[in-house]
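Fold and contact review
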Amino acid sequence: MKFIYDFIWWIILIIAWFPLLVWAILRGENTLHRLGIWRCSNRNGIWIHASSLGESAAAITLAKSLLTHNIPIILTATTLSGYNRLKKNAPAECEIFLQPIDHPICVSFAMRSSAPKALIILEGDLWLGIISAAKISGAKVILASGTFSKKSEKFARKIEAYYRTLWKNIDKIFAKSQDDAERFVSAGFPEDRIEIMPDIKLTPPQSESAIEKPNVFPVIVAGSIRSAEEDVVIATFIDIAKKFPDAHFIIAPRHGERISKIEEKLKNKQLLYSLRSKNKSFDNGVKILLLDTFGELPRFYAIADIAIIGGTFADYGGHNPLEAIYRGTPVIHGEFISNNRAIFNMVDEMGAGIKISSEQLSQKLIEILNNKNLLAKMQRGCENIIH
């Protein structure tokens, strides 16, 4: 299976190396990182891998904990947004790289440069090339906060040979929930190598600089919004502004490359907006702030009256609501929560969140904002979770 996998990567690079190179350069990626050509000083330590922006917060939390034991740390991310978050917020002692492409030569370069004693992968970004190279180099391979969706379970059954090879190279899985653990076992991972461990993202945030809250009501943040949710969010803002003329909105797309698309949609609706990178706050009567900077979403959650959690109103699995909850901001979310089901269930049970459909979003938000007692109750739910 590994031979077939590597052969496919050879074909991909032979056919597509030039457009991939151009694409990476245009995106501002470090192509040497993608090729596994690293200048690495933190050898013989622990390599922590985060897929994207969401997992980077957990990677930073884990890195800070390990650094107290004087362990050299390497951090990598698959996406450019995750890499930029790591560069901005990770401790200075960590070395940070973009994930190498999973070609056997590239991952072997990275392994020789870093020589990790352990590779810790967060959540579920499972690349056979990196994982097998780590095992060959003698490193332990651990999946932390492991999550495995129903879709992934079905997919694993269709390509059993691939997953059998993958599972042989993973020493331990710390599953995020009992449901995730059962799906890993169903997909063929040995039950005796699985434990359930609380989500690393449950760790409360460190202190952060404050943003001044506008003296208006309500302030609503739509955080980690995905492309299929943009129209719903914009329509919701329009509906709320009719009922609450002073309402201010912050739109934070999950991926930075969506900024221009959202700008186009706002212009088509003749909605005035500001870019965070150009205008530090709301000004000149503008009531929509488009968050085009990295790492600031938690600070804006802290000034919101309520938050809309992205990735939950279309089938993306849902992003972590605790970034808002830990800052005292209750949340509204959709039904697609498979990536963080246990967390969302806890948030809803504690009264800090409400699950609704995209069709109900405007109506439910207006209902909550019109009912100060209900909003206060949801805020108390946040406090109960924090404490």
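Look up a bit, the structure's there.
Anyway, here's the lowdown on the structure attached to this text. For every chain, the first residue of its written sequence is number 1, and the numbers climb from 1 along that sequence. Predicted model: local features are reported for residues with pLDDT of at least 70 only, side-chain atom pairs are reported and counted for 80 or more only, and whole-chain, interface and lining totals are derived from all residues. Side-chain metrics rest on all non-hydrogen atoms present in the structure, leaving aside hydrogens and water.

1. Concerning the packing of aromatic side chains
Describing an aromatic ring pair means giving the distance of the ring centres and the angle of the ring planes. Side-chain rings of Phe, Tyr and Trp, where Trp is taken by its six-membered ring, are said to pair if the distance between their centres is within 6.5 Å; with planes under 30 degrees apart they count as stacked, over 60 as edge-to-face, and otherwise as tilted. Counted by the stated rule, this structure contains 13 aromatic pairs. For the pair Trp-38 and Trp-47, a centre-to-centre distance of 5.1 Å together with 65 degrees between the ring planes defines the contact as edge-to-face. Exposure is judged per residue with a 1.4 Å probe applied to protein chains only, and the accessible area is read against the type maximum: over 50% gives exposed, under 20% gives buried, and values in between give partly exposed. Residue classification places Trp-47 among the buried positions, given a relative accessible area of 1%. Pairing Phe-237 with Phe-249 gives two aromatic rings, centres 4.1 Å apart and planes at 15 degrees, and the pair type is stacked. Of this pair, Phe-237 sits in helix α10 (residues 230–243) while Phe-249 sits in strand β9 (residues 248–253), and the two are 12 residues apart along the sequence. Assessed through its relative accessible area of 2%, Phe-237 is described here as buried. Here a helix means four or more residues in a row that DSSP labels H or I, a strand means two or more in a row labelled E, and each is numbered from the N terminus.

2. Some details on helix α9 (residues 178–186)
Restricting attention to buried positions, one finds in α9 the residues Asp-180, Ala-181, Arg-183 and Phe-184. The arc enclosing the buried residues of α9, seen along the axis, measures out at 165 degrees, which places them on a common side. One or two steps after α9, the chain reaches Gly-188, where phi turns positive at roughly 110 degrees. Note that the arc is computed from the directions linking the helix axis to the C-beta atoms.

3. Focus on the pairing of strand β4 (residues 118–122)
For β4, the tally of buried residues reaches 5 of 5 residues, placing the bulk of the element in the interior. Going residue by residue along β4, you find Ala-118, Ile-120 and Leu-122 tucked away on one face and Leu-119 and Ile-121 tucked away on the opposite face as well. Note: two strands are recorded as paired if DSSP finds a minimum of 2 bridges between them. One ladder, built from 4 bridges, connects strand β1 (residues 46–50) with β4; its direction is parallel. When the bridges of β4 are listed, Trp-47 appears paired with Leu-119. Where β4 meets strand β5 (residues 140–146), 5 bridges bridge the pair, whose relative direction is parallel. The partner of Ala-118 across the bridge, within β5, is Lys-140. Note on handedness: a crossover is taken as right-handed if, strands pointing away from the viewer, the path from the first strand over the helix to the second is clockwise. Of the crossover connections in this fold, the one passing from β4 over helix α6 (residues 128–136) to the parallel β5 is right-handed.

4. Observations concerning the sheet that holds strand β6 (residues 172–175)
Spatially, 7 strands are ordered β3-β2-β1-β4-β5-β6-β7 in an open sheet, and the strand pairing comes out parallel. Of all strands in the sheet, those with a lone pairing partner are β3 (95–98) and β7 (194–196), marking the two edges. Averaged over all pairs of adjacent strands, the angle between strand axes in this sheet comes to 20 degrees, irrespective of strand direction. Sitting on the sheet, helix α3 (residues 53–67) is in contact with β1, β2 (73–77) and β4, with an inclination near 160 degrees to β1. Axis geometry follows a simple rule: fit a line to the C-alpha atoms, using only the stretch in contact for helices, then measure angles between N-to-C directions, giving values from 0 to 180 degrees. Every residue pair with non-hydrogen atoms within 4.5 Å of one another is taken to be in contact.

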